[in-house]
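# Per-entry structural report
Listed below, chain by chain, are the residues.
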Amino acid sequence: MPHFYFDTETNGHKSFELPGAKPHYNPDRPGQVKHIFLDLALDIPNQSFSGTCTIALEAIRNDTHQLTLDAVNLNIQSVQVEETPQPFDYDGEQLHIHLTNPTEAGKEIKIAIAYSVEKPQRGLYFIVPNEHYPNKPTQVWTQGEDEDSRFWFPCFDYPGQLATSEIRVKVPKPLIAISNGELIATEEDGEDKIYHWLQQQVHPTYLMTLAVGDFAEIRDEWRGKPVTYYVEKGYEEDARRSMGKTPRMMEFFSDKFGYPYPFPKYAQVCVDDFIFGGMENTSTTLLTDRCLLDERAAIDNDRTESLVAHELAHQWFGDLVVIKHWSHAWIKEGLASYSEVFWTDYEYGNDDAAYYLLGEAQSYVAEDSSRYRRPIVTHVYREAIELYDRHLYEKGACVYHMIRTELGDELFWKAIQTFVQDNAHNTVETVDLLRAIEKATGRNLLFLFDQYVFRGGHPDYKVAYSWDGDSQLAKVTVTQTQAKNDNNGSNSELFDLKIPIAFGYTQPESEGGATHVSPLLKTFTVRIHEREQSFYFPLEKKPQFISFDRGNNYLKTVALEYPISELKAQLQSDPDPISRIYAAKALAKKGGLESVKALAETLTSDSFWGVRVEAAKCLAQVKLDQATDALIAGLNDKDARVRRSVVQALSKIKTSQSYDALKQVLENGDASYYVEATAASALGKMVSATLKDKEDEVLQLLNNVLRERGGWNEVVRSGAIAGLSQMKSSPVALEVILEYTTPGTPQPLRLTAIRALGTISTGQTPNNTEWILEQLEELAGETFFLTQVAVVAALGQMETVKAIAVLHSLAEQTPDGRVRRMAEEAIQRVQKNVGSDQAVKQLREELDQLKKENQELKSRMENLEAKSKSAN
Ligand SMILES: [Zn+2]
């Protein structure tokens, strides 16, 4: 019953499959495409182009009379085979060619399709200056993945068909055109110039690309091959800063993957208004120009370096070894995301890599718990683009890491190299990875794939520990809390894994006490496969701490139920930063002054910044005033990422002391854009709850930021808008936000302001809410992808049924599958929101006040207790 689908939840998880989802298969193949040649002329003022697409096809069997190509909204002028016109019919989505001579098996035919396109909706994008943005550069770029190449040329548009390709394109001077492969010729043609590119290695249609603009060209090289960065003129320094590690990465990946970079050149083109972060077109990656870092952004932005590594890794995983069907896209996206981890490892060390992987795991877990749960490999969907989620990327990366854990480093790389070498210039499915692993290592990892790839979920472990001093036994009880509590022995939600459990003994400090000696770890590996299991480990003496899943290699969540002293010892001494983070979280859950002290100590002295980031988060969670002093000290951390986390944490402790500290951060400024932005948004949040008397002051502060702190990607000003959006009952804040939604506002700032309309709407008067809705309805008419995403995000936060109607019409009208899906999920959210009426809101505010009083009381009691203890 379709209209009930919003309530369809399995095991508390929403369903991935929306109504209309169905199995998807690759089509039958009439033949093998050998070569695709596009000969095009761009007419930029009219946002159109025309030319010929010639497809060389080798027939697989005799007597095929009809060929069906994907071709959306093209004007098809003629179809010829070897210069003989062919009858065809075209319905705007598929081109059916009725061959005058049926095919002969093994024989190649050349199909030439003359066509033109006006204002393409997708596939190929014209970026031009307009009245609101007169300084916008003129650019043309393409985006084929997943099934959008058919919007700019007729083709068999699925990844199972690999062919060589060639693009010859006429563009007005001084624009230059960049495409796949090698530039084999250029030709002057009056006011125009023709660029002729040839890609001699086979690849799928979704990786064919074209990027046109008046770019600065920065040349680098790797083993004699050109490595080129194209950016808008004036950004040459940022280009080097952001992409300059590319040749070293090419060396690193060539070595690790056991296959030298396979294409004749590597170009990265930074384009305006790009709708993804990056796209790994064969030998020609396109990147959003927002990834270009200025000097200040480079202090604490690691996303650009990861993006560069990710897209480069795709040149092997995705472009050299191609997925046969979208359902197996995790093979390439998981590996590219995991490549971010091993580049981090190589460049910044183990701790950074482990923390990066934890971040990926958490981002998947968040999607799993709040959005839906699905198997990584599934061919049941509405549109392939729906698969490009946190399961595909981040969970995929975690699966590759578990494969590495199971095999060990040496065999892992042997398996990866076997997989690449055996499948180069070919298509693969998930089973091919399993086969390569088995071929290279003898190991059959189907059990791992069954649990983590072919079904949804992950284990949620609860781990309890106690020590029996009489019998010298450590007792560890592990519960898989994700599984239902019915002991019929066949629970399909249970995981069956061998997990190492280590007992740690801190070493006495060496003479003089200065040097830090790493603790001894005694490790046992146990099979955990039941809902609840208790293990007894005979030990010579009582361990100081317990390290569950030593190395933290398995994708899981874990709740540690250890005594406080063991948690403290682990936080101080476990050599694995991820274990220290789990200990910090468990301590925060326990609360109390002792935990605060331990966490404060970690925040000031842990050697790894990632642990300090997490310690700050944990301190905020304890909700004791004593945490404030520790956090304020943390504002001086030398690492901007820690300062950012501290600012965030302080904003959750809504006292005038933390308010003053944050106000100072914003007024004095910080070396990092992100720290300033976080402070700005935090201040707005603080005054919305208990510090109402500061509202005017914060309005003033945020207005100053908006006037004075424009700059890189509008990060700081966006922080101010986010802060304003939290001042929900303020009509003044709403007015300021609205001002920044007008066209002409720098794009990133405008998008933040549009989202902010939704956030602030929930506290406004009915009249104002109505007004916001009207604004959003008007903005929904803009076709730019990122604007639509912002509008959907805004509407999804509203608490009025009227938002649902706007979302419905957006879902129906958008040409983008991602927007459509987001709009439908937003409708579910609004339906939930509508339930929370005014009375509930008031209760929430009263509760906030009570919590605050309770916190003060608890803090005072902890102090008294501490005093009485020290008096004893
Ligand atoms: Zn990717």
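Residues numbered from 1 in each chain as written. Predicted model: local features only at pLDDT ≥ 70, side-chain atom pairs only at ≥ 80, totals over all residues. Heavy atoms only, no water.

## A short note on the overall build of the protein chain
Summing up its helical and strand segments, the protein chain has 26 helices and 33 strands in all. Relative to the compact-globule value of 29 Å for 872 residues, the protein chain shows a C-alpha radius of gyration of 29 Å, a close match. Projected onto the principal axes, the alpha-carbon positions of the protein chain cover approximately 100 × 65 × 60 Å. Every one of the 872 residues in the protein chain was classed for burial, and the buried ones make up 58%. In the protein chain, the proportion of contacts linking residues at least 24 apart, taken out of those at least 6 apart, comes to 70%. Within the structure as shown, the protein chain displays about 36200 Å² of accessible surface, and the carbon and sulfur contribution to it stands at 48%. Placing the 92 positive and 126 negative side-chain charges of the protein chain at their respective mean positions leaves the two points 5 Å apart. (Helix = DSSP H or I, 4+ residues; strand = E, 2+ residues; numbered from the N terminus. Rg over C-alpha atoms; globule rule 2.2 N^0.38 Å. Buried < 20%, exposed > 50% of the residue type's maximum accessible area, 1.4 Å probe, protein only. Contact = heavy atoms within 4.5 Å. Areas by Shrake-Rupley, 256 points an atom, 1.4 Å probe, with all protein chains shown as cover. Lys, Arg positive; Asp, Glu negative; His and termini not counted. Charge placed at Lys NZ, Arg CZ, Asp CG, Glu CD.)

## Topic: the coordination of the zinc ion
Taken together, H310 (NE2), H314 (NE2) and E333 (OE) make up the protein donors of the zinc ion, found 2.0 to 2.1 Å from the metal. Mapping the donors of the zinc ion onto the primary sequence yields the spacing H-x3-H-x18-E. Of this pair, H314 sits in helix α3 (residues 303-314) while E333 is found in helix α4 (residues 330-348), placing the two residues 19 residues apart along the sequence. Across this residue pair, the class does not change: H314 and E333 are buried. (Donors = N, O, S within 2.8 Å, 3.2 Å for Na, K, Ca; no water.)

## Re a positive patch on the surface
Judged by side-chain charge, K623, K652, K685 and K851 come together as a positively charged surface patch. Within the fold, K652 resides in helix α15 (residues 640-652). Owing to a relative accessible area of 46%, K652 belongs among the partly exposed residues under this scheme. (Patch = residues over 30% accessible without salt bridge, like charges linked within 9 Å, V, L, I, M, F, W, Y side chains within 5 Å. Salt bridge = Lys/Arg side-chain N within 4 Å of Asp/Glu carboxyl O.)

## Here's the deal with the pairing of strand β5 (residues 48-59)
Of all 12 residues in β5, 9 are buried, a share of seventy percent or more. Of the pairings in the sheet, the one linking strand β4 (residues 31-43) to β5 comprises 12 bridges and is antiparallel in character. What sits directly across from F37, in β5, is T54. Bridging between β5 and strand β11 (residues 108-118) involves 11 bridges; their strand directions are antiparallel. If you follow A56 over to β11, its bridge partner there is K110. (Pairing = 2+ DSSP bridges.)

## Considerations on the packing of aromatic side chains
For the structure on display, the rule yields 43 aromatic pairs. Centre to centre, the rings of Y125 and W141 are 4.5 Å apart; their planes meet at 25 degrees, and the pair counts as stacked. One end of the pair, Y125, is in strand β12 (residues 124-127); the other, W141, is in strand β13 (residues 139-142), and 16 residues separate them in sequence. Residue classification places W141 among the buried positions, given a relative accessible area of 0%. (Phe/Tyr/Trp six-rings, centres within 6.5 Å; stacked < 30°, edge-to-face > 60°.)

## As for helix α7 (residues 409-423)
Over its 15 residues, α7 runs 21 Å from end to end, which matches the ideal 21 Å to within 8%, given 1.5 Å per residue. Listed as buried for α7 are F412, W413, A415, I416, T418, F419, V420 and N423. If you follow the buried residues of α7, they end up packed against α2 (246-256), β24 (321-323), α4, α6 (391-407), β26 (426-428) and α8 (430-441). Residue H425 follows α7 closely and has a positive phi angle near 60 degrees. (Expected span 1.5 Å × (residues − 1).)

## Focus on unusual backbone geometry
Omega for the bond connecting E145 with D146 falls within 30 degrees of zero, at 0 degrees, which places this linkage in the cis form. On the secondary structure map, D146 appears in the loop between β13 and β14 (163-172). Cis geometry marks the peptide bond from K173 to P174; its omega dihedral reads 5 degrees. Its place among the elements puts P174 in the loop between β14 and β15 (176-179). Its identity as a non-glycine residue notwithstanding, E83 has a phi of 70 degrees, on the positive side. In this fold, E83 is placed in the loop between β7 (75-81) and β8 (84-85).

## A look at the packing of helix α19 (residues 715-726) against helix α21 (residues 747-761)
At a minimum axis distance of 8 Å, the contact between α19 and α21 shows a crossing angle of 10 degrees. As the angle between them shows, α19 and α21 are arranged roughly parallel. Each of R717, S718, I721, L724, S725 and Q726 in α19 lies in contact with α21, whose residues at this interface are P748, L749, T752, A753, A756, T759 and I760. For the contact of α19 with α21, the class distribution of residues is 7 nonpolar, 5 polar and 1 charged. (Axes fitted to C-alpha atoms, helices over the stretch in contact; angles between N-to-C directions. Parallel < 35°, antiparallel > 145°, perpendicular 65-115°, else oblique. Nonpolar A, V, L, I, M, F, W, Y, C, P; charged D, E, K, R; others polar.)

## Some words on the sheet that holds strand β10 (residues 94-98)
In space, the 3 strands of this open sheet follow the order β6-β10-β9, with antiparallel pairing throughout. Among the strands making up the open sheet, the edge pair consists of β6 (66-70) and β9 (88-90). Neighbouring strand axes in the sheet, compared pairwise and without regard to direction, differ in orientation by 15 degrees on average. In this sheet, β10 lies alongside β6 in antiparallel orientation, the contact comprising 5 bridges. Across the sheet, L67 pairs through a bridge with I97, a residue of β10.

## Comments concerning the sheet that holds strand β29 (residues 497-505)
As summarised here, the arrangement of the 3 strands in space is β30-β29-β32, forming an open sheet in which the pairing is antiparallel. Of all strands in the sheet, those with a lone pairing partner are β30 (520-528) and β32 (545-548), marking the two edges. For this sheet, the mean inter-axis angle between neighbouring strands, taken without regard to orientation, is 20 degrees. Where β29 and β32 come together, 4 bridges link them in antiparallel fashion. Across the sheet, A502 pairs through a bridge with S547, a residue of β32.

## A word on the nonpolar core
F253, W330 and I403 are the most contacted members of the largest nonpolar core, which has 274 residues in total. For W330, the residues in contact, after removing those within four places along its chain, are L335, I376, V377, L392, G396, V399, Y400, T430, L433, F449 and V453. (Core = buried A, V, L, I, M, F, W, Y, C linked by side-chain atoms within 4.5 Å.)

## With respect to α8
Each full turn of the α-helix corresponds to 3.6 residues, which orients residues three or four apart in the same direction. In this model, α8 (12 residues) spans 17 Å end to end at C-alpha, consistent with the 16 Å of a helix rising 1.5 Å per residue. Taken residue by residue, α8 has T430, D432, L433, L434, A436, I437, A440 and T441 as its buried positions. In this fold, the buried residues of α8 make contact with α4, α6, α7, β26 and α9 (446-452). G442 lies just past α8 and shows a positive phi near 80 degrees.

## As for the packing of helix α24 (residues 802-813) against helix α25 (residues 817-835)
In a pair of packed helices, the angle between the axes and the distance between the axes together describe the arrangement. Two numbers describe how α24 lies on α25: the axes approach to 9 Å, and their chain directions differ by 165 degrees. In terms of orientation, α24 lies roughly antiparallel with respect to α25. Helix-helix and strand crossings are classified by hand; for α24 and α25 the assignment is left-handed. Of the residues in α25, those in contact with A803, I804, L807, H808, L810 and A811 of α24 are V819, R820, A823, E824, A826, I827, V830 and Q831. Grouping the amino acids of the contact of α24 with α25 by side-chain chemistry returns 10 nonpolar, 2 polar and 2 charged. (Left-handed = near helix turned anticlockwise from the far one by under 90°.)

## Re the pattern of salt bridges
Counting across every chain of the model gives 54 salt bridges. For E383, the salt bridge goes to R820, with nearest N and O atoms at 2.8 Å. Here E383, found in the loop between β25 (380-381) and α6, pairs with R820, found in helix α25; they are 437 residues apart in sequence, far enough to count as distant. By relative accessible area, E383 is classed as partly exposed at 25%. Among the ionic pairs, K439 bridges to D422, the shortest N-O distance being 2.7 Å. Taken together, the residues span a long stretch of sequence, with K439 in helix α8 and D422 in helix α7 at a distance of 17 residues. A relative accessible area of 58% means that K439 is categorised as exposed.

## A few points about the environment of V431
Among the structural elements, V431 can be located in helix α8. Judged by its relative accessible area of 35%, V431 falls in the partly exposed class.

## Side note on the environment of H98
Within the fold, H98 resides in strand β10. Since its relative accessible area comes to 27%, H98 is described here as partly exposed. Between the C-alpha atoms of H98 and I218, which are 120 residues apart in sequence, the distance is 48 Å. Once residues lying within four places of it in the same chain are set aside, the contact partners of H98 are H65, Q66, Q86, P87, F88 and D89. In terms of polar contacts, H98 uses its side chain to reach the side chain of Q66, at 3.4 Å. (Polar contact = N/O pair within 3.5 Å; in protein donor to acceptor, adjacent residues only side chain to side chain.)

Taken by themselves, the reported measurements are silent on function.
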